[in-house]
Amino acid sequence: MRKIYKNFFYEYPLLNFKHLSLENRLSVIFLLTGLILSTLAVITTFIFGAPFWMNIPNIIMMLACLSLPVIFKKRLLDATIVTLLIVGLFYFPFLYFTNGGNEGAAPFYFIMLVCYYAFYLRGKQLIIITSAFLIIYPSIMVFGHLNPDLITPYTDSLTRLIDILIAVASISITLALIANTTFRGYQTEKERVLDLAKNVIKQNELLEELSIRDQLTEIYNRGYFIDRLELELENINNHFYLMMIDLDDFKVVNDTYGHLYGDEVLRRVSKMISKTIRTHDIVARYGGEELVVIVTNSTYEDAVKVANRLLVNVAGIEYRNKVHVTISIGLTKSNNEDDSNSIIDRADDLMYQAKEKGKNQFVSDYKY
C-alpha cells in the first residue's frame, strides 16, 4: 500500500506541491482555482434554479481540472495550457452570455486569464494569443451590448452581487497567490543561484589549488615554484635564498624496496620539510626526488638555521624496514643579475658538491 501511495503521489502532481517548480506551482494554483470556481458555479446555478443545460460547461470545467493533470501525468504545464485554451475559447464566452453579460463577472475573470497567458506563453505565441483574445473579448462585449436579448440576465440584484463578490474574492486570492508564489520562487531561485555560485567559486579554488600541487607529495609543483621564483626575482630590492634538496641514495631505496616504498619515503620527507620551514617560505617538488625551498625575508644566518633543521629533522624520520634517509642541500643567495635558470643551476651545482663531500649536509656559496 505504501508503494502504491508513493507512486500515486508522484504521478499526480497536484498532491506534490512542495517539490514542484515555479511554473508547476502556478499551474496547481490555476487548476485548483478552476476546480473551485466551477464547483461554486455548479452549486450557485443549482441554488438559483437555473436550467440544467447552464451547468453543463461548469461540470465539463470541473472534470477538465480534475482529469487533465492525471491524463498528462508529469506534463503539468501542458495540462495547464490546454485548460487555459478551453477556458479562454469556450468557458468564459459561455459564462459571459449566461451570467449577465457586461453586468456580470466574466470581464473580471478575463483579467486573471490574461495574467496566466502572460506567464506561460513566450515570444510570438504570447503576442498572437494575447492579441487574439484582446480582439475576441471586446468583440463579444460589443456584440452582447448590441444584442441584449442573447444574454441571460441575473434573476435579481442579490444574485448579481453574490456572483460579483465571488469573482472579486476568487480573483484577488488567485492573483495574491500568484504574486506570493512568484516572489517566493524568485527568492528560492536566487538563493539556489547564489549557492551554485558559491559552489562554483569553491570548486574553482579547489581546482586552482590542485593545479599548483604535486599529486604525490601534495607540496607545490614545479610550475608554481617557477612562477613564485620569477616573482621573487622581479623584486630586486629583496634578496632571498634558494635551496636545492636531493634525497641521498634514493635509487637504492627504490631498487631495494620498490617504487611504492620510495613514494612513501618521498611523501614523508616532503611533509617533514613543509613542517620545518616557516609559513611564508615555499617548498616544491622540482622533479623526481629533487625538492626546492625558497627562503624569503631572511638573513644568511636564518637560512643556515633552516638548512640545519632540515638535515636533522629529515634524518630523524623513522621508516619501515629501518631504512635511514638523508638529504643533501645546495644553498645560494639571489643577486640582481639572476634569472630563474641561473639561480636554479647554481643551487643545483652546490647540492651536488654537498653529495661529493659525503651527503647529509649543505653547501653554500655565500660570501661575507
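All of the points below concern the structure found in this document.

**Section: the overall build of the chain**
Right, on to step 1. A tally of regular secondary structure across the chain gives 12 helices and 5 strands.
Right, on to step 2. For the chain, whose C-alpha radius of gyration is 40 Å, the value lies well above the compact-globule estimate of 21 Å for 368 residues.
Right, on to step 3. Here the C-alpha coordinates of the chain stretch approximately 120 × 55 × 30 Å along the principal axes.
Right, on to step 4. In the chain, which comprises 368 residues, the share counted as buried stands at 42%.
Right, on to step 5. If you take every contact in the chain between residues at least 6 apart in sequence, the share linking residues at least 24 apart comes to 69%.
Right, on to step 6. As displayed, the chain has an accessible area near 21,200 Å², and 62% of this comes from carbon and sulfur atoms.

**A few points about the sheet that holds strand β3 (residues 290-295)**
Right, on to step 1. On the basis of which strands lie adjacent, the open sheet formed by 5 strands has the order β2-β3-β1-β4-β5 and mixed pairing. Every other strand in the sheet has two partners, leaving β2 (282-287) and β5 (362-364) as the edge strands with one partner each. For this sheet, the mean angle separating the axes of adjacent strands, direction not counted, is 20°.
Right, on to step 2. Direction of pairing for strand β1 (residues 241-247) relative to β3: antiparallel, over a ladder of 6 bridges. Paired with L242 across the two strands is I294, which belongs to β3.
Right, on to step 3. Lying over the sheet, helix α8 (residues 222-234) contacts β1, β2 and β3, oriented at roughly 125° with respect to β2.
Right, on to step 4. On top of the sheet, helix α11 (residues 300-315) reaches β1, β4 (327-333) and β5; it is set at about 170° to β4, its chief contact.

**Observations regarding the pattern of salt bridges**
Right, on to step 1. Per the stated rule, a full pass over the model turns up 11 salt bridges.
Right, on to step 2. For K355, the salt bridge goes to D248, with nearest N and O atoms at 2.9 Å. Residue K355 is located in helix α12 (residues 340-356), and its partner D248 is located in the loop between β1 and α9 (250-257); the two are separated by 107 residues in the primary sequence.
Right, on to step 3. Using a relative accessible area of 17% as the deciding quantity, one classes K355 as buried.
Right, on to step 4. Since its relative accessible area comes to 5%, D248 is described here as buried.
Right, on to step 5. Salt-bridge contacts for D365 lead to R346; the nearest nitrogen and oxygen are separated by 3.3 Å. Remark: R346 occurs in helix α12 and D365 occurs in the segment after β5; sequence separation between them is 19 residues.
Right, on to step 6. Classification of D365 as partly exposed rests on a relative accessible area of 28%.
Right, on to step 7. In this structure R346 comes out as partly exposed when scored by relative accessible area, which is 22%.

**Things to note about the packing of helix α4 (residues 76-98) against helix α6 (residues 123-146)**
Right, on to step 1. Between α4 and α6, the shortest axis-to-axis distance is 11 Å and the interhelical angle comes to 20°. One element, α4, and the other, α6, form an angle in the roughly parallel class. Crossing angle aside, the handedness with which α4 passes α6 is right-handed. Between α4, through V87, G88, L89, F92, P93, Y96 and F97, and α6, the contact on the second element is made entirely by F133, Y137, I140, M141, F143, G144 and H145.
Right, on to step 2. Grouping the amino acids of the contact of α4 with α6 by side-chain chemistry returns 11 nonpolar, 3 polar and no charged.

**What to know about helix α7 (residues 157-211)**
Right, on to step 1. Here α7 spans 79 Å end to end across 55 residues, near enough to the 81 Å set by a 1.5 Å rise per residue.
Right, on to step 2. Inspection of α7 places T159, D163, I164, A167, S170, I171, T174, I178, T181 and G185 among the buried residues, and these make up the whole buried set.
Right, on to step 3. Looking at the buried positions of α7, the neighbouring elements they touch are α2 (22-47) and α5 (106-120).

**Comments concerning α11**
Right, on to step 1. Helix length check: α11, at 16 residues, gives a terminal C-alpha distance of 23 Å against a target of 22 Å (1.5 Å per residue), a fit within 8%.
Right, on to step 2. Taken together, the buried positions of α11 are Y300, A303, V304, V306, A307, L310, L311, V314 and A315. An end-on view of α11 places all buried positions within 160° of arc, on one side of the element.
Right, on to step 3. In this structure, the buried side of α11 is in contact with β1, α10 (259-276), β4 and β5.

**Regarding the pairing of β4**
Right, on to step 1. Counting buried residues in β4 gives 6 out of 7 residues, a clear majority hidden from the surface.
Right, on to step 2. Taken together, the 7 bridges between β1 and β4 define a ladder with antiparallel strand orientation. Looking at the pairing, L242 lines up with T332 of β4.
Right, on to step 3. In this sheet, β5 lies alongside β4 in parallel orientation, the contact comprising 3 bridges. Note on β5: the bridge partner recorded for I329 is F362.
Right, on to step 4. As a crossover connection, the stretch from β4 through α12 into β5 is left-handed.

**Here's the deal with the environment of L216**
Right, on to step 1. Inspection of the secondary structure assignment puts L216 in the loop between α7 and α8.
Right, on to step 2. Sequence separation between L216 and R267 is 51 residues; the distance between their C-alpha atoms is 6.9 Å.
Right, on to step 3. If sequence neighbours within four positions are ignored, L216 has contacts with D263, L266, R267 and R285.

Calculation rules
- Residues numbered from 1 in each chain as written.
- Predicted model: local features only at pLDDT ≥ 70, side-chain atom pairs only at ≥ 80, totals over all residues.
- Heavy atoms only, no water.
- Helix = DSSP H or I, 4+ residues; strand = E, 2+ residues; numbered from the N terminus.
- Rg over C-alpha atoms; globule rule 2.2 N^0.38 Å.
- Buried < 20%, exposed > 50% of the residue type's maximum accessible area, 1.4 Å probe, protein only.
- Contact = heavy atoms within 4.5 Å.
- Areas by Shrake-Rupley, 256 points an atom, 1.4 Å probe, with all protein chains shown as cover.
- Pairing = 2+ DSSP bridges.
- Axes fitted to C-alpha atoms, helices over the stretch in contact; angles between N-to-C directions.
- Salt bridge = Lys/Arg side-chain N within 4 Å of Asp/Glu carboxyl O.
- Parallel < 35°, antiparallel > 145°, perpendicular 65-115°, else oblique.
- Left-handed = near helix turned anticlockwise from the far one by under 90°.
- Nonpolar A, V, L, I, M, F, W, Y, C, P; charged D, E, K, R; others polar.
- Expected span 1.5 Å × (residues − 1).
- Arc of directions from axis to C-beta.
- Right-handed = clockwise from strand over helix to strand, strands pointing away.

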